Amino acid sequence: MKRWLILSLCLVLAACAAPPPAPQADKLFSDRLFAPPSQHISADNVFAVSHAMRQYLASDENAHQMRVKGIQQGLFDALYSKNQLQLEYSSEHTRNAAETFAARSGNCLSLVIMTAAFAKELGLPVRYQTILMDQAWSRNDDLYFASGHVNLTLGKRPSAIRTPLDHSRLMTIDFLPPEDTEGQRRLDIEENTVVAMYMNNQAAEALAMHRLDDAYWWAREAIRQDPGFLASYNTLGVVYRRHGNLLEAERTFRQVHEREPDNTVVMFNLIGVLNDLGKSAEAKPLSARLAQLQPEAPFQAFNLGMAAMRAGDYKAAKLHFSREIARDPYYHEFQYWLGIACLRLGEIDQAVKHLSIAMQNSTTSNDHDLYAAKLDRVKSYRAPLLIH
């Protein structure tokens, strides 16, 4: 039986304005258990501006744009106008500023970091916000990821600000449609928290690729950058558990659980470690509390749907996948498998509909190509027969 582990990926924060005191981080580190990282890990690299980025800013077109439109609007157009840099969203990797610019793609955190790096190069003040909205879930094999969202606001250069409360002089850049964040609470965060988020993402991505040594050092550095960003401690606990260091994992999860007793992600992982250690009596009340807080676990209906698919019960699979889509309508994997279930039931039009949604909402080029190929194949099933 697989052991499910849950990671807090990207931007998960406590939904309270005053964060709980941070655990005593140094007591949680066990460097001796891990080999050195495969690359240099430094906060200095996160917002570093490359020579290519400076050349891009200095181009005649961008320089003219910033003179005519102002630096804020000129920068935004230089980065996100369809006929200029042509950045693409991709959830495959979290990149620093220079890597995002070179690849012309990145996830929401990568795009925030790159935009902030450009803004700081131009002398614009930057403010970061996390949006306190429901977590989005994704998975990679037996790792589940809970993701949040962050945006940034660009101010005017200090010499151009007439009054400090002139909010008309601020520009917020968000990589979600306005309707997705409308009415949601926002919490200002410091730049060191953004750096911790970046490093926590690196740790999670290293875990997904089974590079446990690298994952440890990234999580460790994330904690050092912002000891109050508790998602990094959860990642560290997952690294320990994967590495077979169950006592270290338990100690780490307990530290966070004491400060956020209703954090379901940490609770889930702590229950798993306690069961691994044979402490089922201690895990029982936690399991009961978790069931109260979260009656249906993330991907629970999806996993039931996959089991039904393997058993050939496509009607049941369709019902389970539909339940997941009711919770998260645009998660590509739910739509893909609902499309496959419909295909198995002979519902070709419904299969085309859901596979199209999966393709449109795919977050990696590999997924997009997979869904596109399947969609083309399914469309051919309903093509009229030609008589020669």
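Residues numbered from 1 in each chain as written. Predicted model: local features only at pLDDT ≥ 70, side-chain atom pairs only at ≥ 80, totals over all residues. Heavy atoms only, no water.

Engineer: What is the right way to look at the overall build of the protein chain in this model?
Structural biologist: Scanning the protein chain for helices and strands turns up 17 helices and seven strands. Sorting the 388 residues of the protein chain into buried and exposed places 50% on the buried side. Of the accessible surface of the protein chain, which amounts to about 19000 Å², a share of 52% is contributed by carbon and sulfur atoms. (Helix = DSSP H or I, 4+ residues; strand = E, 2+ residues; numbered from the N terminus. Buried < 20%, exposed > 50% of the residue type's maximum accessible area, 1.4 Å probe, protein only. Areas by Shrake-Rupley, 256 points an atom, 1.4 Å probe, with all protein chains shown as cover.)

Engineer: Sorry if this is basic, but what is going on with the pattern of salt bridges here?
Structural biologist: Side chains that carry opposite charge are capable of pairing whenever their charged atoms lie near each other. A full pass over the atoms with the stated rule returns 14 salt bridges. Between K318 and E347 there is a salt bridge; the shortest N-O distance is 2.8 Å. Residue K318 is found in helix α14 (residues 314-327), and its partner E347 is found in the loop between α15 (332-344) and α16 (348-360); the two are separated by 29 residues along the sequence. Judged by relative accessible area, K318 falls into the partly exposed class, the value being 26%. Through salt bridges with shared partners, a single ionic network connects E250, R254, K279 and E282. (Salt bridge = Lys/Arg side-chain N within 4 Å of Asp/Glu carboxyl O.)

Engineer: Sorry, what's going on with the packing of helix α9 (residues 231-243) against helix α11 (residues 264-276) here?
Structural biologist: For any two helices packed against each other, the geometry is given by the interaxial angle and the distance between the axes. One can describe the packing of α9 onto α11 by two numbers: an axis separation of 11 Å at closest approach and a directional angle of 25°. One finds that α9 runs roughly parallel with respect to α11. Judged by the twist between their axes, the crossing of α9 over α11 is left-handed. Counting all contacts with α9, which are made through N234, V238 and R241, the residues of α11 involved are V265, V266, N269, G272, V273 and D276. (Axes fitted to C-alpha atoms, helices over the stretch in contact; angles between N-to-C directions. Parallel < 35°, antiparallel > 145°, perpendicular 65-115°, else oblique. Left-handed = near helix turned anticlockwise from the far one by under 90°. Contact = heavy atoms within 4.5 Å.)

Engineer: Honestly, the environment of G155 in this entry has me stumped. Any pointers?
Structural biologist: With respect to the helices and strands, the residue G155 is situated in the loop between β5 (143-154) and β6 (171-173). For G155 and L170, which are 15 residues apart along the polypeptide, the C-alpha to C-alpha distance reads 4.8 Å.

Engineer: I tried to follow the nonpolar core on my own but got confused; where do I start?
Structural biologist: The tendency in soluble globular proteins is for nonpolar side chains to be buried as a group. F47, L75 and F118 are the most contacted members of the largest nonpolar core, which totals 79 residues. The leading source of residues in this core is helix α7 (residues 191-208), at eleven residues. In this structure, F118 is in contact with M53, Y56, L57, L75, L79 and F101, ignoring residues within four places of it in sequence. Listed in part, the 26 residues of the second largest apolar core include F302, A316, F321 and L338. (Core = buried A, V, L, I, M, F, W, Y, C linked by side-chain atoms within 4.5 Å.)

Engineer: For this particular structure, what's the right way to read the environment of T172?
Structural biologist: Mapped onto the fold, T172 is located in strand β6. Once the C-alpha coordinates of T172 and L154 are considered, the two residues, 18 residues apart in sequence, prove to be 6.2 Å apart. A distance of 2.9 Å separates polar atoms of two side chains, one belonging to T172 and the other to T153. (Polar contact = N/O pair within 3.5 Å; in protein donor to acceptor, adjacent residues only side chain to side chain.)

Engineer: Would you explain the packing of helix α1 (residues 51-58) against helix α2 (residues 60-69) in this entry?
Structural biologist: In the contact formed by α1 and α2, the axes pass within 5 Å of each other and the chain directions differ by 55°. By the criterion of interaxial angle, the relationship of α1 to α2 is oblique. Between α1, through Y56, L57 and A58, and α2, the contact on the second element is made entirely by D60, N62, A63 and M66. When grouped by side-chain class, the residues that make up the contact of α1 with α2 number five nonpolar, one polar and one charged. (Nonpolar A, V, L, I, M, F, W, Y, C, P; charged D, E, K, R; others polar.)

Engineer: Explain the packing of aromatic side chains here, please?
Structural biologist: Aromatic rings considered in pairs are described by the distance between their centres and by the relative angle of their planes. This structure, assessed with the given rule, holds 15 aromatic pairs. Plain terms: the ring middles of F76 and Y80 are 5.6 Å apart, the flat faces sit at 45° to each other, and that makes the pair tilted. Of this pair, F76 and Y80 are both found in helix α3 (residues 71-80), four residues apart, which corresponds to roughly one turn of the helix. Taken together through their ring pairs, the aromatic side chains of F34, Y216, W217 and Y240 make up a single cluster. In this arrangement the basic side chain of R104 is found over the ring face of F101, its NZ or CZ atom lying 4.2 Å from the centre. Across from the ring centre of F47, 4.2 Å away, lies the NZ or CZ of K120, which sits over that ring. (Phe/Tyr/Trp six-rings, centres within 6.5 Å; stacked < 30°, edge-to-face > 60°. Lys NZ or Arg CZ within 6 Å of the ring centre and 35° of its normal.)

Engineer: Help me understand helix α12 (residues 280-293), please; the structure alone is not making it clear to me.
Structural biologist: For an α-helix, 3.6 residues make a turn, and residues three or four places apart therefore share a direction. If you check α12, its first and last C-alpha atoms are 20 Å apart, about what 14 residues at 1.5 Å a residue would give, namely 20 Å. The complete set of buried residues in α12 reads A283, L286 and L290. Along the axis of α12, the buried residues cluster in a sector spanning 70°; they form a single face. Across from the buried face of α12, at angles greater than 90 degrees, the exposed residues are A281, K284, P285 and Q292. (Expected span 1.5 Å × (residues − 1). Arc of directions from axis to C-beta.)

Engineer: How should I be thinking about the confidence of the model for the protein chain in this particular structure?
Structural biologist: Note that predicted coordinates carrying low pLDDT should not be read in detail. With 83% of its residues at a pLDDT of 70 or more, the protein chain has an overall mean of 84. Strand β1 (residues 5-9) is the least confidently modelled element of the protein chain, averaging 44 in pLDDT, while helix α8 (residues 212-225) averages 97, the highest of any element. With pLDDT under 50 throughout, residues 1-19 is counted as low confidence; its partners more than four residues away or in other chains account for 78 contacts. pLDDT under 50 marks residues 161-167. Its contacts with residues more than four places away, or in other chains, come to two contacts. (pLDDT = per-residue confidence, 0-100.)

Engineer: Is there a simple way to explain the side chain of H332 in this structure?
Structural biologist: Within the secondary structure, H332 sits in helix α15. Reaching out from H332, the side chain makes a polar contact with the side chain of Y371 at a distance of 2.7 Å. Those residues in contact with H332, other than ones at most four positions away along the chain, are A358, N361, S362, T363, D367 and Y371.

Engineer: What's the story with the side chain of S110 in this structure? I'm lost.
Structural biologist: Inspection of the secondary structure puts S110 in helix α5 (residues 108-121). At 2.8 Å, the side chain of S110 forms a polar contact with the side chain of N107. If we ignore the near neighbours within four places in the chain, the residues touching S110 are H93, T94, R95 and T100.

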